[in-house]
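Each chain, letter by letter, is given below.
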Amino acid sequence: MFTGLSGAGKSTIAGRLVELLQEAGRTVTLLDGDEVRTHLSAELGFSKAGRDANVRRIGWVAAQIAKHGGLAVCAPIAPYAATRADARRLVEEQAGPGSFVLVHVATSLADCEARDRKGLYARARRGEIAEFTGISDPYEEPTDAELTIDTRSTSAEESARRVLAHLLGDR
Ligand SMILES: Nc1ncnc2c1ncn2[C@@H]1O[C@H](COP(=O)(O)OS(=O)(=O)O)[C@@H](OP(=O)(O)O)[C@H]1O
Ligand SMILES: Nc1ncnc2c1ncn2[C@@H]1O[C@H](COP(=O)(O)OP(=O)(O)O)[C@@H](O)[C@H]1O
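Residues numbered from 1 in each chain as written. Chains lettered and ligands numbered in written order. Predicted model: local features only at pLDDT ≥ 70, side-chain atom pairs only at ≥ 80, totals over all residues. Heavy atoms only, no water.

Looking at an unreviewed UniProt entry, one finds the protein named Adenylyl-sulfate kinase, with Modestobacter muralis as its source organism. UniProt's Function (unreviewed entry) comment on the protein is quoted here verbatim: "Catalyzes the synthesis of activated sulfate." Its UniProt record, at the heading Sequence similarities (unreviewed entry), says of the protein: "Belongs to the APS kinase family." (UniProt positions renumbered as here; feature names shortened; annotations may be inferred.)

This is how it looks when you write it as C-alpha cells:
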C-alpha cells in the first residue's frame with residue numbers, strides 16, 4: 001500500500017510498478033485512490049469515518065487478493081496510522097507476516113502544493129474544499145513504512161524499481 005498526500009506521486013509510481021510487475025510475469029490488481037472512490041467507495045466522503053471505511057475496504061479487497069496468491073497495489077492517501085495498521089492486519093491475517101508492504105511517498109506539503117496538478121490545493125486554501133488533507137485535515141506520517149520515497153531525489157521510474165525490488169525479495 002502506498003500512502004502520501006494528494007499529488008505526492010502515489011498513482012504515478014503505482015502505475016509504473018504495475019507495468020514492471022506485469023513485465024516480470026506477475027498478475028497484479030491496481031486499487032488506485034480515484035478508481036476506488038468511483039467504484040468501491042462512491043458514497044463515502046472525506047470525514048475521518050469516510051476515509052477509515054474507504055481504507056479498510058481497500059485493505060479487505062487486498063487481503064482477499066493476497067489470500068489467493070495475487071498481488072494488489074493500492075494507492076490511497078490513507079492519512080490515519082491506525083487505519084493503515086488495520087489494513088496491514090487484514091492482509092497479514094490472510095497472507096502471512098510480511099505480505100503487507102507500506103510505501104510512504106513522502107513528498108512534502110510544500111512540494112505537493114507547488115505541483116498542484118489538479119488545482120485542489122488552491123481550492124482548499126480558498127476554503128472551497130473542506131477537510132483537505134494537509135490543509136484542513138490531518139496526515140499522520142508513517143513510522144512503520146517498509147519503504148520511504150523522497151520524490152525530490154528519486155524519479156518515478158527509480159521509485160517503482162525500488163518497490164519492485166522489495167516485493168520480489170531483492171532487498
Ligand atoms: N478533502 C479531500 N482531501 C483529500 N483528497 C480529496 C479531498 N476531496 C477530494 N479529494 C480527492 O480524492 C483523492 C483522495 O482519495 P483517497 O480515497 O485516496 O483518500 S483517503 O485515503 O480515503 O483519505 C485525492 O486524489 P489524489 O490526489 O490522487 O490523492 C483528491 O483528488
Ligand atoms: N519523482 C516523482 N515521482 C512521482 N511523481 C512525480 C515525481 N516528480 C514529479 N511527479 C509528478 O507529480 C504528480 C503526482 O501526481 P499523482 O501520481 O497523481 O499523485 P497522487 O496519486 O499521490 O495524488 C504527477 O504529475 C507526476 O508526474
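Now that the structure has been shown, the text picks up again.
(A) Main features of the nonpolar core. Residues Phe2, Leu17, Leu21, Val73, Val103 and Val163 are the most contacted members of the largest nonpolar core, which totals 28 residues. Mapped onto this core, the elements with two or more residues apiece are helix H1 (10-23), strand S3 (71-75), strand S4 (103-105), helix H6 (120-125), strand S5 (147-149) and helix H7 (156-167). The greatest single-element share of this core, amounting to six residues, is contributed by H1. Setting aside chain neighbours within four positions, we find Leu21 in contact with Arg26, Val28, Leu71, Val73, Leu164, Leu167 and Leu168. Judged by nonpolar contacts, the second largest core, of 14 residues, contains Leu31, Cys74, Ala78 and Leu102. (Core = buried A, V, L, I, M, F, W, Y, C linked by side-chain atoms within 4.5 Å. Buried < 20%, exposed > 50% of the residue type's maximum accessible area, 1.4 Å probe, protein only. Helix = DSSP H or I, 4+ residues; strand = E, 2+ residues; numbered from the N terminus. Contact = heavy atoms within 4.5 Å.)

(B) View of the site of ligand 2. Near ligand 2 there are 15 residues, and of these Gly7, Ser11, Thr12, Arg117 and Thr154 occur at the shortest range. Between Gly7 and ligand 2, the recorded distance is 2.7 Å, taken from a backbone N or O atom to an oxygen atom. For ligand 2, a nitrogen atom lies 2.8 Å from a polar atom in the backbone of Thr154. When the free accessible area of ligand 2 is taken as 570 Å², the share hidden by the protein chains comes to 77%. Among the detected pockets, ligand 2 sits in the largest pocket. Residue contributions to the shell around ligand 2 peak at four residues, all from H1. (Near = heavy atom within 4 Å. Polar contact = N/O pair within 3.5 Å; in protein donor to acceptor, adjacent residues only side chain to side chain. Areas by Shrake-Rupley, 256 points an atom, 1.4 Å probe, with all protein chains shown as cover. 1 Å grid on protein atoms, 1.4 Å probe; cavity = no way out; pocket = protein on both sides within 12 Å on 5 of 7 lines; lining within 4 Å. Sits in = over half its atoms within 2 Å of the grid points.)

(C) Expanded view of the pairing of S3. Counting buried positions along S3 gives four out of five residues, so the element sits mostly inside the fold. Pairing of strand S2 (residues 28-32) with S3 involves five bridges; the strand directions are parallel. Considered in S3, the bridge of Leu30 is made with Val73. (Pairing = 2+ DSSP bridges.)

(D) Inspection of the sheet that holds S4 at higher detail. One open sheet holds the three strands; their spatial order is S1-S4-S5, and the pairing between them is parallel. Each end of this open sheet is capped by a strand with a single partner; those strands are strand S1 (2-3) and S5. As paired elements, S4 and S5 share three bridges and run parallel to each other. Bridge pairing in S5 places Val105 opposite Ile149. The strands touched by H7 within the sheet are S1, S4 and S5, with S5 carrying the most contacts at an inclination of about 175°. (Axes fitted to C-alpha atoms, helices over the stretch in contact; angles between N-to-C directions.)

(E) A look at the layout of surface pockets. Size it by volume and the largest pocket reaches roughly 770 Å³. Every residue lining the largest pocket is counted, 39 residues in all, and those nearest its centre are Ser6, Gly7, Lys10, Asp34 and Lys118. With four residues, the single largest contributor to the lining of the largest pocket is H1. Each residue belonging to the lining of the largest pocket can be placed in one class, and the counts come to 16 nonpolar, 12 polar and 11 charged. Empty space within the second largest pocket amounts to approximately 400 Å³. Around the second largest pocket sit 23 residues that line it, and Leu71, Ala72, Ser99, Val101 and Leu167 are the ones nearest its centre. Within the residue set of the lining of the second largest pocket, elements represented by two or more residues are helix H3 (48-67), S3, helix H4 (81-95) and H7. Tallied by class, the residues present in the lining of the second largest pocket amount to 16 nonpolar, five polar and two charged. (Points joined across faces, edges and corners; volume = space filled by probe spheres on them. Nonpolar A, V, L, I, M, F, W, Y, C, P; charged D, E, K, R; others polar.)

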